[in-house]
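Descriptive analysis of the structure
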Amino acid sequence: MGFHELWRRAKETEREREMDRRKLYVLTIFVTLSVRCGCVANYTRDDFPHDFAFGSGTSAYQWEGAYDEDGKKPSVWDTYVHSRNMENGDKACDGYHKYKEDVQLMVETGLEAFRFSISWSRLTPNGRGSVNPKGLQFYKNFILELVSHGIEPHVTLYHYDHPQQLEDEYGGWLNRRIIKDFTAYADVCFREFGNHVKFWTTINEANIFTVGGYDGGNTPHGRCSTCLSGNSSTEPYIVAHNLLLDHASASRLYRQKYKDTQGGSVGFSIFAIGFRPSTNSKDDEMAIQRFKDFFFGWMLGPLTYGDYPEGMKRILGTRLPVFTKKESEQVKGSSDFVGVIHYLAASISNAQSQPSLPGNSAFFTDIGASLTYSGNFSAFEYEVAPWAMEVVLEYIKQSYGNPPVYILENGKPMKQDLQLQKKDTPRIEFLDAYIGAVLKAVRNGSDTRGYFVWSFMDLYELLSGYKFSFGLYSVNFSDPHRNRSPKLTAHWYSAFLKGNTTFLGSQGITQCAMLKLETHSGPRNVESDHASFRSRVAWSGNLKRKINF
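Residues numbered from 1 in each chain as written. Predicted model: local features only at pLDDT ≥ 70, side-chain atom pairs only at ≥ 80, totals over all residues. Heavy atoms only, no water.

With that settled, consider the sheet that holds strand β6 (residues 274-277). To summarise the sheet geometry, strands pair through backbone hydrogen bonds and adopt either a parallel or an antiparallel arrangement. Within the open sheet, the three strands sit side by side as β6-β8-β9. Their pairing is mixed. Edge positions in the open sheet fall to β6 and β9 (369-373), since each of these has one partner strand only. Neighbour-to-neighbour, the strand axes of the sheet open up by a mean angle of 35°, direction not taken into account. Relative to β9, strand β8 (residues 345-350) runs antiparallel, the two being bridged by five bridges. Note that in β9 the partner of S349 across the bridge is S370. Along the sheet, helix α12 (residues 282-305) makes contact with β6, β8 and β9, crossing β8 at roughly 125°. Across the sheet, helix α16 (residues 386-399) lies against β6 and β8, angled at about 95° from β6, the strand it touches most. (Pairing = 2+ DSSP bridges. Helix = DSSP H or I, 4+ residues; strand = E, 2+ residues; numbered from the N terminus. Axes fitted to C-alpha atoms, helices over the stretch in contact; angles between N-to-C directions. Contact = heavy atoms within 4.5 Å.)

So this is what it looks like as structure tokens:
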């Protein structure tokens, strides 16, 4: 073999080694950023159990519109926004008239399930007694449209909007009289819709509904110690108690009267914040336990064990209502599944207990903890923190007997800008990371059975009106026809549901996806990016030590 041939082969070997080194380099970038973003590289719909439900959702007030049509009477939500001259859901997405169009969009997206709520004041406008025939027909038509297209309905009975008449007559959730009226309303729903509906959630995010409406006063019903009426130190606990009794009553009715023939299940949902201590101090560890008692145990304790957590009872004393033995037995085990509403991650730190001051939350004063949210919560900038989803699901698994769980809401808000929303890549990155976190929780033994993106389309949002939106589809609220159009997220979610890996791989629409493309197409300007790369992975000393450049 001549000198030139030896030289040529040596150069080829050198080039091959250089290419291998560059491939390893790019792969390292992909792994590093995937870990940092919380992305799960290479999961598909098929990685989830076959019967795992993927869907999306809306709620009646936020989607239907037609607030005073066809016999519907005011709900407390109508009254709340009208009395404060706020943006409202009088027309919202006009889903009451456009439901067939919307179901067609669901079919095109590939939704397997759809979550929505029934308006109590549309179905039984006075809160009890006669059923509104036009309201009844609307929900029958809508449900039939869903099931005829192979979409499983998940129905919420109460999403902040009971009839105003019940509020005027006896104070709504503050009065135990509502238990009888809610159970009668649930009976109508079970009887009329139960042949097609197998998943019922009685109360939407009961804990945060109670805190917002009766402690802070910034959501319906607008009651608090510094509002026109209310008592933040007692009313949240009275309302929560009645919500649990309402749920137990409706669940008992379903099991006694309908379950054998309809075969459905009845659950209860909570708002769940992913948590971790701010420090390793003993004080912060104790604050975490109080937080878990008040945010999770407040509802899940009675539903699982028949009573409130001992920590809550010790802190609240006589302000916390007491279950009778019979009530405890009725509430315990009354939920067939837990619905989880999850958006936020927070660090928990101890806060010195002090008397509640005007404008302060009595609820958080009771907890004796302060929350520092990840991201800019007040600006609706939710950080991508999939660890928070894993923490929530693991905690429910470990502490409450691993009940069946449905993630009924998870999503990312963005400013309501029709042009910017068309390519909503931050939302895709958020959903990609959180769906991956759910998969990890399932593989770790969590009995999580479904995931619903909030929301199917842009809606009227309780805390932001029409300024921020979560939708897979945009809605032009300036257009009287409320035209819908898909965002990039809708295409992404549809591709995921349909197993369209070609689309997912070709778009380059998330950091993970773009990095996947780079690993297949080869490195770009590797040498010039070398210093930048080293700075980007400096946070992970362990990873750097494992890889030789």
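So, on to the sheet that holds strand β3 (residues 152-158). The parallel closed barrel is built from eight strands, whose spatial order is β1-β2-β3-β4-β5-β7-β12-β14. Strand-to-strand twist across the sheet, computed as the mean angle between neighbouring axes with direction ignored, equals 25°. Taken together, the three bridges between strand β4 (residues 199-203) and strand β5 (residues 265-271) define a ladder with parallel strand orientation. Bridging across to β5, T201 finds its partner in G267.

Turning our eyes to something else, we now look at the packing of helix α10 (residues 235-257) against α12. When two helices pack together, their arrangement is given by the angle between the helix axes and by the axis-to-axis distance. Interhelical geometry of α10 versus α12 gives an angle of 35° and a closest axis separation of 10 Å. The hand of the α10/α12 crossing is right-handed. Contacts between α10 and α12 involve P236, Y237, A240, L244 and H247 on the former and, on the latter, F294, W298, M299, P302 and L303. Residue classes in the contact of α10 with α12 are distributed as nine nonpolar, one polar and no charged. (Left-handed = near helix turned anticlockwise from the far one by under 90°. Nonpolar A, V, L, I, M, F, W, Y, C, P; charged D, E, K, R; others polar.)

Extensive coverage of strand β14 (residues 448-454) is indicated by the burial of six of its seven residues. Where strand β1 (residues 53-57) and β14 come together, five bridges link them in parallel fashion. Within β14, the residue paired with G55 across the bridge is F452. Of the pairings in the sheet, the one linking strand β12 (residues 405-410) to β14 comprises four bridges and is parallel in character. When the bridges of β14 are listed, Y406 appears paired with G450. (Buried < 20%, exposed > 50% of the residue type's maximum accessible area, 1.4 Å probe, protein only.)

What follows concerns the packing of aromatic side chains. According to the stated counting rule, one finds 62 aromatic pairs in the structure shown. With centroids separated by 5.1 Å and ring planes inclined at 85°, the aromatic side chains of F54 and F496 adopt a geometry described as edge-to-face. Highlighted residues: F54 in strand β1 and F496 in helix α19 (residues 488-498), separated in sequence by 442 residues. Residue classification places F54 among the buried residues on the basis of a relative accessible area of 0%. (Phe/Tyr/Trp six-rings, centres within 6.5 Å; stacked < 30°, edge-to-face > 60°.)

For helix α3 (residues 76-83), the full list of buried residues reads V76, W77, D78, Y80 and V81. Check the buried side of α3 and you find it contacts α2 (60-63) and α7 (164-170). Of the residues flanking the end of α3, it is N85, one or two places downstream, whose phi is positive at about 55°.

Here the focus is the state of the cysteines. With the rule as written, the count across this model stands at one disulfide. A disulfide bridge connects C224 with C227, and the sulfur atoms are separated by 2.0 Å. Disulfide C224 to C227: torsion about the S-S bond roughly 95°, handedness right-handed. (Disulfide = S-S within 2.5 Å.)

Under the criterion given, the structure shown has three cavities of 30 Å³ or more. When its volume is computed, the largest cavity comes out at roughly 50 Å³. Each residue belonging to the lining of the largest cavity can be placed in one class, and the counts come to three nonpolar, three polar and four charged. (1 Å grid on protein atoms, 1.4 Å probe; cavity = no way out; pocket = protein on both sides within 12 Å on 5 of 7 lines; lining within 4 Å. Points joined across faces, edges and corners; volume = space filled by probe spheres on them.)

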